[in-house]
Amino acid sequence: MSSQPREQWSSRLAFLLSTIGSAVGLANIWRFPYTVGTGGGAVFLLTFLLSVVALALPLLIAELMVGRRYRVSPPNAIRAAAVEAGASPRWRYLGLAGVAAAILVLSFYSVVGGWVMAYILDPAADSAGIAQARFDGLVGDPVRLFGWSSLFLWATVAISARGITGGVELANKVMTPILFLLLLAMAGYAMLVGDVAAAARFLFTPDFSKVTPDVLLDAFGQAFFALGVGATNLMAYGSYMDRGEKVIRSSVIIVGSAVFVSLLSGFAVFPVLFAMGLDPAGGPALTFVTLPYMFAHMPGGVVVGVAFFVLLFAAAITSAISMMEAPVSFLSERLGWKRAHAALLSGGLSWGLCILSVLSFNIWSDVKPLAWAGLLTDKTFFGLFDYLTSNVVLPGGGCLIAVLVGWKISRAVQAGELGEGLAFQAWRFCIRWLAPLALAVIFAAKVVE
């Protein structure tokens, strides 16, 4: 295990900007508008908000608490927590699963990050047909797609390799404010030129006929995507926290920022969509097919389009940086390597898996890796990686973290880390009862669907 001294965030602001950057990613800006659209608007939004407060926030507090208390990588922090509580050290496998998941997620997340980078250069399309053809051309060209994906991934590695203060923190100090400023500007512009009333009705007027089990499950899943809990990324960030930082207060700020970005992204997209008569339930193609067409037919659309994809890039890169932290910190401790070497190894593993995701859209589009076993017969490598992390690792990992923190760690340790009070009591109820039960149901429903 490495004997190198552990870095710390240089200030409370640096910690908050970095952790908000971690929580605010493509899930909040790319995924949120289309999941709200396909989920029927207000009912989905209401379920999402309830899930954030009752499930995702308690888990975020738990991850930061464990990270700060033990000040090591997630596998070692989870092991230390279990041993201190008198439980089996085999709990460390939960942390190892988080490390593996981070490497896997970065491999296919980089593909989407590559799409974003490509669209910064050419964000508008004169017709829906041209927009679709351009996207098909990008994903259908393995060399071009792998090039953009590699550029995104290795930019992430380069930032992570420079350390917490010189790389991770510096990038977030620049990117996170840019993200908020661009999103505010875009939302303001959309509300000036678009149909704000239609967007508000869609987002805030519930239609309970839209309530289905799938809508509810998707809203639960979006709550986890929107904060990145369950995969131990934020536990790694918590390990660099100052002991004087209040975990619950910081977590509420982080969650509030992530929800604010999600809602604001809706107001940056839906007013113009409704004004132009476009479909808000466009699915994943909303960002890369519908919006480029929209940008080409609105005043100043090209400038707005460039700003939008720069905004997406800022969200994507800050979250990607946080994904690397669990594997990089663990490899540094386990192998005694310098951080840069651990970042290169972690990034190299993701890069190798990235090839499989890239080929899923072209040469290997007909390859379904688990079809031979009669499982997930419609999933390519990209779809399989996304499915496993979204439906198995995040809810399953979140459930186990809730059990460990809520039931194994003593109340005295919990109170010592978080402080007594009404907020602590509410958190303790959620982490012991609501979170594990709800996550177990979500996990079971997603696995057997």
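Values in this document were obtained by computation on a predicted structure and should not be read as measured data.

Draft legend 1. Region of interest: the overall build of the protein. A tally of helices and strands in the protein yields 18 helices and 0 strands. Relative to its length of 449 residues, the protein is compact, with a C-alpha radius of gyration of 21 Å against a globular reference of 22 Å. Along the first, second and third principal axes, the C-alpha atoms of the protein reach 60 × 50 × 45 Å. A total of 449 residues make up the protein; the buried ones form 57% of that total. Long-range pairs, those at least 24 residues apart, make up 81% of the contacts in the protein between residues at least 6 apart in sequence.

Draft legend 2. Summary view of the side chain of Thr-35. Among the secondary structure elements, Thr-35 is positioned in helix H2 (residues 26–38). With near-sequence residues (within four places) excluded, Thr-35 lies in contact with Phe-44 and Gln-222.

Draft legend 3. Structural context of the packing of aromatic side chains. Scanning the entire structure with this criterion turns up 32 aromatic pairs. Aromatic pair Phe-135 and Phe-288: ring centres 5.7 Å apart, planes at 20°, arrangement stacked. In this pair, Phe-135 sits in helix H6 (residues 128–140) while Phe-288 sits in helix H13 (residues 285–296), placing the two residues 153 residues apart along the sequence. By the burial criterion, Phe-135 is buried, and Phe-288 matches it. The interplanar angle of 55° and the centroid separation of 5.8 Å between the aromatic rings of Phe-295 and Phe-308 together place this pair among those described as tilted. Residue Phe-295 is located in helix H13, and its partner Phe-308 is located in helix H14 (residues 301–335); the two are separated by 13 residues in the primary sequence. The pair Phe-295 / Phe-308 is uniform in exposure class, with both members buried. A connected cluster of aromatic rings, assembled from ring pairs, spans Trp-30, Tyr-34, Phe-108, Trp-115, Tyr-119, Phe-135, Phe-288, Phe-295, Phe-308, Phe-309, Phe-361 and Phe-382. Here Arg-92 stacks its cationic end above the ring of Tyr-93, 4.7 Å away from the centre of that ring. A cation over an aromatic ring shows up here: Arg-432 above the ring of Trp-407, its NZ or CZ 3.7 Å from the ring centre.

Draft legend 4. Quick peek at the pattern of salt bridges. Counted under the stated rule, the structure contains 10 salt bridges. The partner of Lys-173 in a salt bridge is Glu-169, and the shortest N-O contact between them spans 3.2 Å. Linking Lys-173 with Glu-169, this pair stays in helix H8 (residues 164–193), spanning 4 residues, or about one helical turn. Under the relative-accessibility criterion, Lys-173 is labelled partly exposed at 38%. Bridged by salt links that share partners, the residues Arg-68, Arg-69, Glu-84, Arg-243 and Glu-417 form one connected network.

Draft legend 5. A look at the confidence of the model for the protein. Per-residue confidence for the protein gives a mean pLDDT of 92, with 98% of residues at or over 70. Mean pLDDT across the secondary structure elements of the protein bottoms out at helix H10 (residues 213–227), with 81, and peaks at helix H7 (residues 142–161), with 98.

Draft legend 6. Seen up close, the state of the cysteines. Considering all chains together, one arrives at 0 disulfides under this definition. Just so you know, Cys-430 is unpaired, no disulfide at all, and the nearest cysteine sulfur is the one on Cys-399, 14 Å from it. The class of Cys-430 is buried, set by a relative accessible area of 12%.

Draft legend 7. Highlighting unusual backbone geometry. We note that Thr-232 has phi near 70°; this positive angle belongs to a residue other than glycine. Within the secondary structure, Thr-232 is located in the loop between H10 and helix H11 (233–238). Judged by relative accessible area, which is 1%, Thr-232 ranks as buried. Residues other than glycine seldom take positive phi values, yet Leu-376 does so here, at roughly 45°.

Rules used throughout
- Residues numbered from 1 in each chain as written.
- Predicted model: local features only at pLDDT ≥ 70, side-chain atom pairs only at ≥ 80, totals over all residues.
- Heavy atoms only, no water.
- Helix = DSSP H or I, 4+ residues; strand = E, 2+ residues; numbered from the N terminus.
- Rg over C-alpha atoms; globule rule 2.2 N^0.38 Å.
- Buried < 20%, exposed > 50% of the residue type's maximum accessible area, 1.4 Å probe, protein only.
- Contact = heavy atoms within 4.5 Å.
- Phe/Tyr/Trp six-rings, centres within 6.5 Å; stacked < 30°, edge-to-face > 60°.
- Lys NZ or Arg CZ within 6 Å of the ring centre and 35° of its normal.
- Salt bridge = Lys/Arg side-chain N within 4 Å of Asp/Glu carboxyl O.
- pLDDT = per-residue confidence, 0-100.
- Disulfide = S-S within 2.5 Å.

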